[in-house]
Amino acid sequence: MPKIEETSLPGVGLRLDFTAEDGSRIGVVHHRTGRRELFVCTAEDPDAAVVSLNLSDEDSHALSEALGGSTVIANLMDLQQRVKGLAIDWLSVDGETPYAGKTIGDARIRTRTGVSVVAVIRGDQPHPAPGPDFRIETSDTLVVVGTPEGIKSVHEILTAG
Amino acid sequence: MDHGALLLVELGAVVLVLGILARLASRLAISPIPLYLLAGLAIGEGGLVPVVTSEEFIEVGAELGVIFLLLMLGLEYSARELVVGIRSVAPAGLVDLALNFSPGFVAGLLLGWGIVPSLFLGGVTYISSTGVIAKLLNDLGWTGNRETPVVLSILVFEDLAMAILLPTLAALALGGSTAGAILTVGIAIGIMTAAIAFAYRQGDLLGELVFHRSDEVSLLSVFGLTLVIAGLAEGVSISAAVGAFLVGISLSGEAVARADALLTPLRDLFAAVFFVFFGLSTDPGEIPGVLLVAVLLGVVTAATKIIGGRWAARRNGIGPAGQRRAGLILMARGEFSIIIAGLAAGVDGAEELPALAAAYVLLMAVTGPLAAKLADPGRRRATVG
């Protein structure tokens, strides 16, 4: 993935842009007012925008949806395939768990298994990087990263204690 | 008609005319500032339809206009952006200052105006119009362009320079001894630095204190606070405008976007009144006499802005087309030139300054955006939305 560069635009907002494979520059200006402006510059004159589109909040979500969802998830999938011996999994917490209402720290997941809980998904809401005092509830989904065996142990801990 | 009724009718007619002019400007896609100035010239003494009854009211409105313009300018930047901006852009900012202040200053001396009025003219030719340029960047779809951060940081530098220039000029306008003037300037710079340091450290604290979920509370608090600080600043002779600018800088955080929405309509109203008042207090009879000087000054300072902008863009690795755009977009002068010229009211030897500044801004606020638009290869662009 090309590196996204961040440039502050004093009085306007923030510009994020990157150079695409064909040499054109693609970016988004995040205006302080919340408006987003999508622009494209061709390789012949990388300084000037040939297209600029004003997007509302809703438009931006629709566009990112159309482009294929969150890049964070895509990156995680990539990670899962590339790094040997490292696995990522989504574990759902069902009603039988002894840890419902307890914190991640109480379950001592990392101490016992070496596995990290990188996010908790509750309903539609992701809670990235939860701390040890984050309370687990039934029907949460834990996103965990670790060795395949470690993840298996986490699954057992969550169901049996 | 009694006085009160006449006042309302006159004032209403003036504002109504401004509304029509703003509509015209929007249709022609130009800045409304030159049209407001022309309207002011037409209704002033020696103009087409002199307005008498409401002049006092317009004068107070004009003062509020300056305060709102500078408050909103301060709101555009956080103290952090100013401090970071000033470091990264200092060389380009200084070149821009030297190139564009000098023509006005030298022209003043050549006209035999004396040092102080010439310094005012230097200020008039120096400062680009943040308002006109911000609108242009948007209209032309240049916000994402690579030269735009360079352009914006030069504007940041100019605005900071103006925060020092305004109190300095205000001190000089008061006259008095050289030592007294130096002292006032010293105090002004000291207060400026302290205020920016305060704004830098306190973060969003002031914004959270002043703003409230009710728009009414927020509006009254911001307006009141700004007027008090502006008044105090005027009292210690560092000019109300600078006081308002400092309030704007000190307010930051999430509150700013809301402040924008609340204050923009007020700014638009009173800034329009301010331009009218400037035109109104300028004798249109003097304009033909200064027109040639204004045109010459316009040609020279268009060139100096272009040279400065190109140089700054080239230093930042921007290609030739981008360099040209950076230079052209900086050409426009507007509100701040008028504010500086307005400060010179009553300065000995600056009698011709209002007429010259009005003619100069009329010229630059129209030709600047036109030149930038011509540089834009419209056929390649498809702006939507």
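Please read these numbers as outputs of a predicted model, since none were measured by experiment.

For chain B, the count of helices and strands is 16 helices and 1 strand. A compact globule built from 385 residues should have a C-alpha radius of gyration of about 21 Å, and chain B, at 20 Å, falls within 12% of that. Each principal axis of the C-alpha distribution contributes one length, and for chain B these read about 65 × 55 × 50 Å. Pairs at least 24 residues apart make up 80% of the contacts formed inside chain B by residues separated by at least 6 positions.

We now examine the domain arrangement of chain A. For chain A, the assigned domains are domain 1 (5-68) and domain 2 (73-160). On a C-alpha basis, the centroid separation for the pair domain 1 of chain A and domain 2 of chain A is 35 Å.

Another aspect to go through is helix α1 (residues 57-67) of chain A. Summarising burial for α1(A): 0 of the 11 residues are buried, a small minority. Count one or two residues on from α1(A) and you reach A:G68, which has phi positive near 115°.

Bringing the sheet that holds strand β6 (residues 87-92) of chain A into the picture now. The strands making up a sheet associate through hydrogen bonds between their backbones, and the pairing can be parallel or antiparallel. Residue and element names in this part refer to chain A. Taken together, 4 strands build an open sheet; the order of strands is β6-β9-β7-β8 and the sheet is antiparallel. The sheet terminates laterally at β6 and β8 (125-128), the two strands that pair on one side only. Direction aside, the axes of adjacent strands within the sheet are offset by 20° on average. Sheet analysis places β6 next to strand β9 (residues 141-146), joined by 6 bridges and oriented antiparallel. Within β9, the residue paired with L91 across the bridge is L142. The strands touched by helix α5 (residues 148-160) are β6 and β9; relative to β6, the strand with the most contacts, the crossing angle is about 10°.

Between chain B and chain A, the residue contacts involve 29 residues of the former and 24 residues of the latter. Taken together, the elements giving at least two residues each to the side of chain B that touches chain A come down to α4 (79-110), α7 (148-173), α12 (255-280), α14 (320-329) and β1 (382-384) of chain B. A total of 5 residues in the side of chain B that touches chain A trace back to one element, the largest contributor, which is α7(B). Looking at the side of chain B that touches chain A, its residues break down into 11 nonpolar, 11 polar and 7 charged.

Another aspect to go through is the packing of helix α5 (residues 115-126) of chain B against α7(B). Residue and element names in this part refer to chain B. Here α5 crosses α7 at 155°, and the two axes come no closer than 10 Å. By the angle between their axes, α5 is roughly antiparallel relative to α7. Two packed elements cross with a definite hand, and for α5 against α7 that hand is left-handed. On α7, the residues touching V116, L119, F120 and G123 of α5 are L165, L169 and L172.

Let us now look at the nonpolar core. Judged by nonpolar contacts, the single largest core of 137 residues is most densely connected at B:F120 and B:V276. For this core, the element with the most residues is α7(B), which contributes 17 residues. For B:F120, the residues in contact, after removing those within four places along its chain, are B:L169, B:I340, B:A341, B:A344, B:V347, B:A350 and B:L353. Core analysis: the second largest hydrophobic core is formed by 12 residues, A:I109, A:L142, A:V144 and A:V154 among them.

Another point: helix α2 (residues 33-43) of chain B. Most of α2(B) sits out of view: 9 of its 11 residues are buried. What α2(B) keeps buried is the set B:I33, B:P34, B:L35, B:Y36, B:L37, B:A39, B:G40, B:L41 and B:I43.

The subject of this paragraph is the pairing of strand β7 (residues 116-122) of chain A. Put simply, side chains in a regular strand alternate between the two faces of the sheet. Residues and elements named next belong to chain A. As defined by bridge partners, β7 adjoins β9 across 5 bridges and the pair is classed as antiparallel. Looking at β9, one finds that I121 is bridged to T141. Note: β7 against β8, 4 bridges, orientation antiparallel. Across the sheet, I121 pairs through a bridge with P126, a residue of β8. The antiparallel hairpin formed by β7 and β8 contains 2 residues in its connecting segment, where G123 sits at a positive phi of about 65°.

All names here are of chain A. The phi angle at A129 is positive, at roughly 45°, despite the residue not being glycine. Note on placement: A129 falls in the loop between β8 and β9. The exposure class of A129 is exposed, given the 10 C-beta atoms found within 10 Å. Although it is not a glycine, S139 adopts a positive phi angle of roughly 70°. You can see S139 is positioned in the loop between β8 and β9. A tally of 12 C-beta atoms within 10 Å means that S139 is categorised as exposed.

Let us now look at the packing of α7(B) against helix α15 (residues 335-343) of chain B. All names here are of chain B. Contact geometry of α7 with α15 gives a least axis separation of 9 Å together with a crossing angle of 20°. Classed by the angle they form, the pair α7 and α15 counts as roughly parallel. For the pair α7 and α15, the crossing hand works out as right-handed. In contact with M162, L166, L169, A170 and A173 of α7, α15 contributes F336, I340 and L343. Across the contact of α7 with α15, the residue classes tally to 8 nonpolar, no polar and no charged.

Here we take up the pairing of strand β2 (residues 13-19) of chain A. All names here are of chain A. The pairing of strand β1 (residues 5-9) with β2 spans 5 bridges and is classified as antiparallel. Along β2, the bridge assignment pairs L9 with G13. Where β1 folds back on β2, the antiparallel hairpin that results is connected by 3 residues, among which G11 adopts a positive phi of roughly 85°. Pairing analysis gives 7 bridges linking β2 to strand β3 (residues 25-31), with the strands arranged antiparallel. Paired with R15 across the bridge in β3 is V29.

Residues and elements named next belong to chain B. Its location among the elements puts V150 in helix α7. Residue classification places V150 among the buried positions, given that 25 C-beta atoms sit within 10 Å. Sequence separation between V150 and A271 is 121 residues, and the spatial gap between their C-alpha atoms is 27 Å. Residue contacts for V150: discarding those within four places in its chain leaves A312, A313, N316, I318 and A326.

Reading the values: the criteria
- Residues numbered from 1 in each chain as written.
- Chains lettered and ligands numbered in written order.
- Predicted model: local features only at pLDDT ≥ 70, side-chain atom pairs only at ≥ 80, totals over all residues.
- Helix = DSSP H or I, 4+ residues; strand = E, 2+ residues; numbered from the N terminus.
- Rg over C-alpha atoms; globule rule 2.2 N^0.38 Å.
- Contact = placed C-beta atoms within 7 Å.
- Domains from an automatic or database assignment.
- Buried ≥ 20, exposed ≤ 12 C-beta atoms within 10 Å, placed from the backbone.
- Pairing = 2+ DSSP bridges.
- Axes fitted to C-alpha atoms, helices over the stretch in contact; angles between N-to-C directions.
- Nonpolar A, V, L, I, M, F, W, Y, C, P; charged D, E, K, R; others polar.
- Parallel < 35°, antiparallel > 145°, perpendicular 65-115°, else oblique.
- Left-handed = near helix turned anticlockwise from the far one by under 90°.
- Core = buried A, V, L, I, M, F, W, Y, C linked by C-beta atoms within 7 Å.

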